[in-house]
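Spelled out, the chains give:
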Amino acid sequence: MFIDVREILSGLIDSIEFDYTLAPPQGFNDISFPEEVHITGSIKNQAGYMTLNAQATVPYVTHCARCTKEISGVFEHAFMRPLATKLEQEDDDYLMIEHGGIDLDTPLLEDLVLSLDFAYLCKEDCKGLCFTCGHDLNDGDCGCANKKEIDPRLAILAKLLDN
Ligand SMILES: [Zn+2]
Ligand SMILES: [Zn+2]
């Protein structure tokens, strides 16, 4: 959303609150966002320094990296940036005020996407699937001798130790 900050710039008011929803980011292989992103926050002017504080609430669906079970949850992503009308030199930390306001969605979604993890687990101690038979080891032992993919380097070491 474009947030008009002209009234803060002119000193008429010293804060603006916002609360809106945004279409979720798309196009990821291993994680999806089934609902709209909810964004709330404010822009405050303190002695001439303008700061934006936003909180994005983002429902997500993904799969456990170990057992592939579907997991869903909600990210609470905090986004905070100083605002500037012009800078001596380019600085990505700042949100630039252009045409009397700022475009919040693009930088906020970029920041959100950068904060995503590469792997999620259904629970901290998920045991994963058996490498041999595919059994979900959270449901108990399958009886296979070899449940984990063996690192080829360790396999060589095991052979050496055997002799
Ligand atoms: Zn799992
Ligand atoms: Zn097994």
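Keep in mind that this is a model prediction, so the values were computed, not measured.

Rules used throughout
Sequence positions are assigned chain by chain, starting from 1 and proceeding in written order. Written order determines the labels here, with chains lettered from A and ligands numbered from 1. With pLDDT at 70 or above as the cut-off, local features in this predicted model cover only qualifying residues; side-chain atom pairs require 80 or more to be listed or tallied, and sums for whole chains, interfaces and linings still use all residues. Note: side-chain values were computed over all heavy atoms of the structure, leaving out hydrogens and water. Secondary structure counts use DSSP, requiring at least four H or I residues in a row for a helix and at least two E residues in a row for a strand, with both numbered from the N terminus. Relative accessible area decides the class of each residue, using a 1.4 Å probe on protein chains only: under 20% of the type maximum gives buried, over 50% gives exposed, and in between gives partly exposed. Any N, O or S atom lying within 2.8 Å of the metal counts as a donor, and for Na, K and Ca the limit rises to 3.2 Å; water is left out, so some sites can look incomplete. Four donors are marked tetrahedral only if all angles between them lie between 85 and 135 degrees, whereas four are marked square planar and six octahedral if opposite donors are more than 155 degrees apart and the other angles lie between 65 and 115; the remainder are marked irregular. In the analysis that follows, any N or O atom pair within 3.5 Å is treated as a polar contact, provided that within protein one partner can donate a hydrogen and the other can accept it, and provided that, for residues neighboring in sequence, both atoms belong to side chains. For this analysis, residues touch if any pair of their heavy atoms sits within 4.5 Å.

Novice: Explanation requested: unusual backbone geometry in the structure shown.
Specialist: Leave glycine aside and you will find that most residues have negative phi; peptide bonds, for their part, are mostly trans. Of note, the phi angle at Ala 47 is positive, near 50 degrees, even though the residue is not glycine. The topology assignment puts Ala 47 in the loop between strand S4 (37–46) and strand S5 (49–63). With a phi angle near 55 degrees, His 99 is a residue other than glycine that sits in the positive phi range. A relative accessible area of 79% means that His 99 is categorised as exposed.

Novice: Is there a simple way to think about the coordination of the zinc ion (ligand 1) in this case?
Specialist: Think of it this way: four donors in a tetrahedron around the metal ideally sit 109.5 degrees apart, and six in an octahedron ideally sit 90 or 180 degrees apart. Those donors, Cys 64 (SG), Cys 67 (SG), Cys 122 (SG) and Cys 126 (SG), are the protein atoms that reach the zinc ion (ligand 1), and they lie 2.3 Å from it. In this structure, the zinc ion (ligand 1) is surrounded by four donor atoms whose angles at the metal cover 106 to 112 degrees, and the resulting shape is tetrahedral. The sequence motif formed by the donor residues of the zinc ion (ligand 1) is C-x2-C-x54-C-x3-C. Here Cys 122 lies in the loop between helix H2 (105–114) and helix H3 (152–162) and Cys 64 lies in the loop between S5 and strand S6 (70–84), a separation of 58 residues in the sequence. In this structure Cys 122 comes out as partly exposed when scored by relative accessible area, which is 27%.

Novice: It is not clear to me how the side chain of Arg 81 should be interpreted in this structure. Could you clarify?
Specialist: Structurally, the position occupied by Arg 81 is in strand S6. In terms of polar contacts, Arg 81 uses its side chain to reach the backbone carbonyl oxygen of Asp 93, at 3.4 Å. Leaving out residues up to four positions away in the same chain, Arg 81 has contacts with Met 50, Thr 51, Leu 52, Asp 92, Asp 93, Leu 95 and Asp 111.

Novice: What am I meant to see in the coordination of the zinc ion (ligand 2) here?
Specialist: Within the first shell, the zinc ion (ligand 2) binds the protein through Cys 130 (SG), Cys 133 (SG), Cys 142 (SG) and Cys 144 (SG), at distances of 2.3 Å. Because the angles between the four donor atoms bound to the zinc ion (ligand 2) fall within 106 to 112 degrees, the donor set is best described as tetrahedral. As a motif over one chain, the donors of the zinc ion (ligand 2) read C-x2-C-x8-C-x1-C. Judged by its relative accessible area of 4%, Cys 130 falls in the buried class. For Cys 133, a relative accessible area of 44% puts it in the partly exposed group.

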